[in-house]
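# Fold and geometry: a report
Listed here are the chains, written in short residue letters.
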Amino acid sequence: MNLRIGSRGSQLALWQANHIKVLLEGQGHTVEIEIIKTTGDRLQEVTFAQVGSKGMFTKEIEEALAEGRVDLAVHSLKDLPTELPEPFALAATPPRVDPRDVLVSAKYDNLAALPQGAVVGTSSQRRRAQLKALRPDIEAVEFRGNVDTRLRKLGEGQVDAILLAAAGLDRLEKTDWVRERLEPSDFCPAAGQGSLGIETRKDDESTIAALAFLNDPHTRFAVTAERAALAALGGGCQVPIGIHCRMMQAGDVWEIFGVVANPDTGQTIRVHKTAVAWGTNPQDFGRLAAEMLFEAGARELLTNAAPVPGAAD
Ligand SMILES: NCc1[nH]cc(CCC(=O)O)c1CC(=O)O
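Definitions and cut-offs
- Residues numbered from 1 in each chain as written.
- Predicted model: local features only at pLDDT ≥ 70, side-chain atom pairs only at ≥ 80, totals over all residues.
- Heavy atoms only, no water.
- UniProt positions renumbered as here; feature names shortened; annotations may be inferred.
- Near = heavy atom within 4 Å.
- Polar contact = N/O pair within 3.5 Å; in protein donor to acceptor, adjacent residues only side chain to side chain.
- Helix = DSSP H or I, 4+ residues; strand = E, 2+ residues; numbered from the N terminus.
- Nonpolar A, V, L, I, M, F, W, Y, C, P; charged D, E, K, R; others polar.
- Buried < 20%, exposed > 50% of the residue type's maximum accessible area, 1.4 Å probe, protein only.
- Pairing = 2+ DSSP bridges.
- Axes fitted to C-alpha atoms, helices over the stretch in contact; angles between N-to-C directions.
- Contact = heavy atoms within 4.5 Å.
- Expected span 1.5 Å × (residues − 1).
- Core = buried A, V, L, I, M, F, W, Y, C linked by side-chain atoms within 4.5 Å.

As annotated in an unreviewed UniProt entry, the chain is Porphobilinogen deaminase from Occallatibacter riparius. Recorded under Sequence similarities (unreviewed entry), the UniProt text for the chain is reproduced unchanged: "Belongs to the HMBS family." Regarding the chain, the relevant UniProt record gives this comment under Catalytic activity (unreviewed entry): "4 porphobilinogen + H2O = hydroxymethylbilane + 4 NH4(+)".

## Notes on the site of the ligand
Contacts to the ligand come from L12, S76, K78, D79, R127, L164, A165, A167, R171, Q193, G194 and D313. In the environment of the ligand, an oxygen atom lies 3.0 Å from a nitrogen or oxygen atom belonging to the side chain of R127. Between the ligand and G194, the relevant distance is 2.7 Å, taken from an oxygen atom to a main-chain nitrogen or oxygen of the residue. Elements with a minimum of two residues in the shell around the ligand: β8 (161-165) and α6 (166-171). Classifying every residue of the shell around the ligand gives four nonpolar, three polar and five charged.

## Some points on the pairing of β8
Of all five residues in β8, five are buried, a share of seventy percent or more. Side-chain alternation along β8 places A161, L163 and A165 on one buried face and I162 and L164 on a second face that is also buried. Here strand β5 (residues 101-104) pairs with β8 via four bridges, running antiparallel. For V102, the partnering residue across the bridge sits in β8 and is L164. Bridging between strand β6 (residues 119-121) and β8 involves two bridges; their strand directions are parallel. Bridge assignment links G121 to a residue of β8, and that residue is I162.

## With respect to the sheet that holds strand β9 (residues 178-182)
Taken in spatial order, the five strands of this open sheet run β7-β6-β8-β5-β9, and their pairing is mixed. The open sheet has two edge strands with one neighbour each: β7 (139-141) and β9. When strand polarity is set aside, the average angle formed by the axes of neighbouring strands in this sheet is 30 degrees. Lying on the sheet, helix α4 (residues 125-134) is in contact with β5, β6, β7 and β8; it crosses β8 at an angle near 125 degrees.

## Quick look at helix α8 (residues 217-233)
An α-helix turns once per 3.6 residues; consequently, residues spaced three or four apart project the same way. Taking 1.5 Å of rise per residue, the 17 residues of α8 would be expected to cover 24 Å, and the 24 Å separating its terminal C-alpha atoms lies within 8% of that figure. Burial analysis of α8 places twelve of its 17 residues in the buried class, the great majority of the element. Taken from the residues just after α8, G234 is the one with a positive phi, measuring 75 degrees.

## Here's the deal with the nonpolar core
Judged by nonpolar contacts, the single largest core of 23 residues is most densely connected at L233, I243, C245, V260, F285 and L293. Sorting elements by how many residues they give to this core places α8 first, with six residues. If near-sequence neighbours (up to four positions away) are discounted, V260 is found in contact with L233, P240, I241, Q267, T268, I269, L293, A298, L301 and L302. Grouped together as the second largest cluster of nonpolar side chains are 14 residues, I5, L72, A92 and L196 included.

## With respect to unusual backbone geometry
For the bond from E86 to P87, the omega torsion is 0 degrees, close enough to zero to count as cis. Topologically, P87 is positioned in the loop between β3 (72-76) and β4 (88-92). A positive phi angle, near 55 degrees, is found at E173, a position not held by glycine. Counting through the fold element by element, E173 comes out in the loop between α6 and β9. Non-glycine residue D252 carries a positive phi angle of around 65 degrees. Taking relative accessible area as the criterion, D252 reaches 59% and is therefore assigned exposed.

Take a look at the structure:
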């Protein structure tokens, strides 16, 4: 087939689109990449960003899909809203890479080694809140821009460390200053982090069939549970919620971690649940994690945590 991929123009987005392009070409398809600028990309260019919204990295790409200008879109799954609008479908979730957040620093080996009152840059409410919970003395500052900009500011000494997703840095091979990969049990990643989402039109059966080989069922289970939990909690990418599902080491048992946090106080609510793999439905498993968070007081914590303009996970 002749397939056109819609992608954002960022370095990471293009790496991901090209990764999928190569895999599709390996199946004998002819593939082109079309760069599409999204609201999220525009917001990063202005100094005082207006309030971001759900789907700010996906809306313009979905318009291109709807109009048939492209056949598929490659997204970082965590940027894709939990409910895809009509007429779109999540055609495939390729194998997930490292889902963890990492501490990046020129000087310090890990979170525990950061000096009292250290300054850490992050634009994510979820990261800020969990950082505050682990190290109340640390000052978290707003830190925007693409990966290169952030690494440059770190190199200039504007901050002592930054927190980013491992996936982006690993893909772009910018891991020189990656000091610590934070475990989901004490620093919970965003739903879908480290996973790609391939979006198509629901009615485009031939494209969906051509993409089927890209889907990893294991990843699909985990991210379906995570996205169901996030949807039940009513969260988008701007609220301080972390959800991570994975198979336990021994196999045949899924586990899910959830955290809801208040970025101002560092107050966090954490849950953890396991389920035997056989017969467990990912949606139910995710919703169960959300219910446990609600029972532990998540609603009160979330209503007190006002969204920050322009901040995105
Ligand atoms: N919100 C930005 C974003 N969207 C996807 C990734 C890369 C990680 C991934 O693919 O999950 C990043 C960067 C980051 O959070 O550090």
